[in-house]
Amino acid sequence: AQRVTQPEKLLSVFKGAPVELKCNYSYSGSPELFWYVQYSRQRLQLLLRHISRESIKGFTADLNKGETSFHLKKPFAQEEDSAMYYCALSPISSGSARQLTFGSGTQLTVLP
Amino acid sequence: EADIYQTPRYLVIGTGKKITLECSQTMGHDKMYWYQQDPGMELHLIHYSYGVNSTEKGDLSSESTVSRIRTEHFPLTLESARPSHTSQYLCASSLGGGSGANVLTFGAGSRLTVL
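This text gives an overview of the structure that appears in the document. Here the structure is a predicted model, which is why all the values come from computation and not from measurement.

For the structure shown, the criterion picks out 10 aromatic pairs over all chains. Each ring, one from Tyr36 of chain A and one from Phe106 of chain B, has its centre 5.9 Å from the other, and the planes form 90°; the classification is edge-to-face. Note that Tyr36 of chain A is positioned in strand β5 (residues 31-38) and Phe106 of chain B in strand β10 (residues 105-106), a pairing that runs across two chains. Arranged with centres 5.4 Å apart and planes meeting at 85°, the rings of Tyr48 of chain B and Tyr50 of chain B form a pair that is edge-to-face. Judged by its relative accessible area of 5%, Tyr48 of chain B falls in the buried class. Above the ring of Phe74 of chain B, the side-chain terminus of Arg68 of chain B is found at 5.9 Å from the ring centroid.

Before going further, it helps to spend a moment on the pairing of strand β3 (residues 19-25) of chain B. Residues and elements named next belong to chain B. Here β3 shows a buried face lined by Ile19, Leu21, Cys23 and Gln25 and an unburied face lined by Thr20, Glu22 and Ser24. Pairing geometry for strand β1 (residues 4-7) and β3, over four bridges, is antiparallel. Following the sheet pairing, Tyr5 is matched in β3 by Ser24. Sheet topology places β3 next to strand β8 (residues 76-78); three bridges connect them, and they run antiparallel. Across the sheet, Ile19 pairs through a bridge with Leu78, a residue of β8.

This part takes up the side chain of Ser104 of chain A. Tracing the chain through its elements places Ser104 of chain A in the loop between β10 (101-102) and β11 (106-111). For Ser104 of chain A, a relative accessible area of 12% translates into the label buried. Ignoring any residue separated from it by four or fewer positions in sequence, one finds Ser104 of chain A in contact with Gln6, Lys9 and Tyr86 of chain A together with Gly40, Met41 and Glu42 of chain B.

Take the nonpolar core next. Formed by 24 residues in total, the largest nonpolar core has its most connected members in Trp35, Leu72 and Tyr85 of chain A. Looking at this core, the elements with two or more residues in it are β2 (10-14), β3 (19-21), β5, β6 (44-49), β9 (83-91) and β11 of chain A. Examining the composition of this core, we find that four residues originate from one element, β9 of chain A, more than from any other. Those residues in contact with Tyr85 of chain A, other than ones at most four positions away along the chain, are Gln6, Leu21, Trp35, Tyr36, Val37, Tyr39, Leu47, Phe59, Leu72, Gly105, Thr106 and Leu108 of chain A. With 19 residues, the next largest nonpolar core counts Phe34 and Leu100 of chain A together with Tyr33 and Leu104 of chain B among its residues.

About the cut-offs
- Each chain has its residues counted from 1, following the order in which its sequence is written.
- Written order decides the labels, with chains lettered from A and ligands numbered from 1.
- Reporting in this predicted model follows two pLDDT cut-offs: at least 70 for local features of residues, and 80 or more for side-chain atom pairs to be given and counted; totals over whole chains, interfaces and linings ignore these cut-offs and use all residues.
- Values reported for side chains reflect all heavy atoms of the structure, with hydrogen atoms and water molecules removed beforehand.
- Pairing of aromatic side chains requires ring centres within 6.5 Å, counting the rings of Phe and Tyr and the six-membered ring of Trp. Pairs whose planes differ by under 30 degrees are stacked, by over 60 edge-to-face, and all others tilted.
- Secondary structure elements are taken from DSSP: a helix is a run of H or I of four residues or more, a strand is a run of E of two residues or more, and numbering for both begins at the N terminus.
- Under the scheme applied here, a residue whose accessible area is under 20% of the maximum for its type counts as buried, over 50% as exposed, and between as partly exposed, the area being computed with a 1.4 Å probe on protein chains only.
- Think of it as a cone above the ring: NZ of Lys or CZ of Arg counts as a charge over the ring if it is within 6 Å of the ring centre and within 35 degrees of the ring normal.
- Strand pairing requires that DSSP identify at least two bridges connecting the strands.
- Working rule for contacts: check all heavy atoms of both residues, and any pair within 4.5 Å makes them a contact.
- The definition of a nonpolar core used throughout is a set of buried Ala, Val, Leu, Ile, Met, Phe, Trp, Tyr and Cys residues joined through side-chain atoms within 4.5 Å.

The structure is reproduced here in C-alpha cells:
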C-alpha cells in the first residue's frame, strides 16, 4: 500500500526566511509526486509535479528515491505563500487519479 | 470559461433529510471524483467515475451515492443525512489519460453541516 506522510501539521516562518515543507512516502513501485496548495478562500490547486521539474512561484521539489522524500522548498518565503500544502503520490503508470494518495497537509504561515 | 462548479457552497440541514450535492464541469474531462476533506486530515476519495455510466466507490466508505448520466455532470446524493456526514466535499476532474490523468482540477467545495 502507498502512503504519504507530512510530519508537520503547522509550520511558521518569517518573511524572507527559507522554508521547507517535508513529504515522505512509501511505495514499492515507481511513483509520481505532486504538491497541491490551497490558499485561504480558494480552491485546492496543483502547485507542481516532479516530472515537470519546474519552479512554480519560487518553489521547487526534488524527488529523492533513496530517502523516499519529496520536500517542497523556497529560499525566501513571502506572506502570500501562507496556505495549506498537500503532498500527493500516484503510481506513475496510473491512467487516472484513482490511486492518488494525499498526505494530511501542512499549514504554512509566513509571518511579517 | 472551462471550469468545475459545485453547488451549494454551504448547506445546513437536519438529520434524516435527503441532499444532493451538484458538480458540473466544462473542462471536457472524462474522469470525475468526489473527495471528503476534514480539517487536519488527508483528502479521502469516496467516489470516482471513468465516464458516462461508470461509477465506483473509493477507498473511504461512504453512505453516499453518485451517478454519471452526462459527461459533465456528477452529482452526489445522501438519502438520509446524519451528523457524521458533516464535512467538506470536493469534486474534481482529470483528463482521460496520458500525463494529465493524475492532475486534478478541483471545484470550490460544498461544506455540509448536518444538525
